[in-house]
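What follows is each chain in one-letter form.
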Amino acid sequence: MMFENLTTPEELLAYRLASLLSGEHDSLDMLEELGRIVSTEDLRTVFTEHAEETRRQIKNVERCLELAGKPGDESPSPTTAGLAKEAHSLLRKTDTALQDTVALSAALETEHLEIGTYTGLVALAESCGRHDVADLLAANLREEVEAADKVARALQTTGGPA
């Protein structure tokens, strides 16, 4: 789905949904990778559980695109790609003792981006009269808020090297 010029709220919604789909795939890749590098089973569980939630969220976004009549290609999500790149760069520069903190911080940054994106898309879907789409997006938003809280709690207890 290529949009050269977005001229309607519905086109904007479809474009943003496709970008969100791409971003969720980027987030899933990052969660799986970060889950492999953390040092404890408890932290691996945080990442594994959120990866499973993200897979469900991807299905919801795909369903939103179908409901909006625009299934198809993902639009790029340079922001999520940039966050993943930043996390990789920081992990290369960071002592092993700080990797859990870096991984959790990267996950939390991504969660907050997704919360903002979902909040805006729920409002846009509602303004387009797409309550079916808004409901699916709101369900994903609630999961993102819960995930951010869980990651923030893990980050507070991790706190870096002893």
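The structure reproduced in this document is the subject of the present report.

About the cut-offs
Residues numbered from 1 in each chain as written. Predicted model: local features only at pLDDT ≥ 70, side-chain atom pairs only at ≥ 80, totals over all residues. Heavy atoms only, no water. Helix = DSSP H or I, 4+ residues; strand = E, 2+ residues; numbered from the N terminus. Rg over C-alpha atoms; globule rule 2.2 N^0.38 Å. Buried < 20%, exposed > 50% of the residue type's maximum accessible area, 1.4 Å probe, protein only. Contact = heavy atoms within 4.5 Å. Areas by Shrake-Rupley, 256 points an atom, 1.4 Å probe, with all protein chains shown as cover. Lys, Arg positive; Asp, Glu negative; His and termini not counted. Charge placed at Lys NZ, Arg CZ, Asp CG, Glu CD. Salt bridge = Lys/Arg side-chain N within 4 Å of Asp/Glu carboxyl O. Core = buried A, V, L, I, M, F, W, Y, C linked by side-chain atoms within 4.5 Å. Expected span 1.5 Å × (residues − 1). Axes fitted to C-alpha atoms, helices over the stretch in contact; angles between N-to-C directions. Parallel < 35°, antiparallel > 145°, perpendicular 65-115°, else oblique. Left-handed = near helix turned anticlockwise from the far one by under 90°. Nonpolar A, V, L, I, M, F, W, Y, C, P; charged D, E, K, R; others polar. Disulfide = S-S within 2.5 Å.

**Notes on the overall build of the protein**
Step number 1: Of regular secondary structure, the protein possesses 5 helices and 0 strands.
Step number 2: Reading the protein from its N end, one meets helices and strands in the order α-α-α-α-α.
Step number 3: Here the protein has a C-alpha radius of gyration of 17 Å; the compact-globule value for 162 residues is 15 Å, and the two agree.
Step number 4: For the protein, the proportion of its 162 residues judged to be buried stands at 44%.
Step number 5: Sequence-distant contacts, at least 24 apart, represent 79% of the contacts inside the protein between residues at least 6 apart.
Step number 6: Only carbon and sulfur atoms are counted for the fraction: they give 53% of the accessible area of the protein, which is about 8,400 Å².
Step number 7: Here the protein contributes 15 positive and 30 negative side-chain charges, whose respective centroids are spaced 2 Å apart.

**Considerations on the pattern of salt bridges**
Step number 1: Tallying each qualifying case throughout the model produces 7 salt bridges.
Step number 2: Arg 56 is paired through a salt bridge with Glu 143; the nearest N and O atoms lie 3.9 Å apart. Taken together, the positions of Arg 56 in helix H2 (residues 41–67) and Glu 143 in helix H5 (residues 131–158) put the pair 87 residues apart, joining distant regions of the chain.
Step number 3: Here the residues in one salt-bridge network are Glu 32, Glu 52 and Arg 55, joined through shared partners.

**What about the side chain of Thr 54?**
Step number 1: Of note, Thr 54 is situated in helix H2.
Step number 2: Judged by its relative accessible area of 0%, Thr 54 falls in the buried class.

**A word on the environment of Lys 150**
Step number 1: Along the chain, Lys 150 turns up in helix H5.
Step number 2: What makes Lys 150 partly exposed here is its relative accessible area of 34%.
Step number 3: Considering only alpha carbons, one finds Lys 150 and Leu 104, 46 residues apart in sequence, at a separation of 10 Å.
Step number 4: If we ignore the near neighbours within four places in the chain, the residues touching Lys 150 are Val 46 and Glu 49.

**Some points on the nonpolar core**
Step number 1: Ranked by internal contacts, the top residues of the largest apolar core, which has 43 residues, are Leu 17, Leu 34, Phe 47, Leu 104, Leu 121 and Leu 137.
Step number 2: With 12 residues, the single largest contributor to this core is helix H4 (residues 99–127).
Step number 3: Discounting chain neighbours no more than four positions away, the residues touching Leu 34 are Phe 47, Leu 91, Ala 103, Ala 106 and Ala 107.

**Quick look at H4**
Step number 1: Look at H4: 42 Å from first C-alpha to last across 29 residues, which is about the 42 Å you get at 1.5 Å a residue.
Step number 2: Just beyond H4, the residue with positive phi is Gly 129, at close to 75°.

**A few points about the packing of H2 against H4**
Step number 1: One way to put it is that H2 packs onto H4 with a least axis distance of 12 Å and a crossing angle of 25°. By the angle between their directions, the pair H2 and H4 is classed as roughly parallel. Here H2 runs over H4; the crossing is left-handed. Where H2 approaches H4, its residues Leu 43, Phe 47, His 50, Gln 57 and Val 61 are matched on the opposing element by Asp 100, Ala 103, Leu 104, Ala 107, Glu 111, Glu 114 and Tyr 118.
Step number 2: Among the residues forming the contact of H2 with H4, the class breakdown is 7 nonpolar, 2 polar and 3 charged.

**Examining the state of the cysteines**
Step number 1: Enumeration over the complete set of coordinates arrives at 0 disulfides.
Step number 2: This cysteine, Cys 64, is not joined by any disulfide, and Cys 128 carries the nearest cysteine sulfur, 12 Å off.
Step number 3: Residue classification places Cys 64 among the buried positions, given a relative accessible area of 0%.
Step number 4: Look at Cys 128 and you get buried, because its relative accessible area is 16%.

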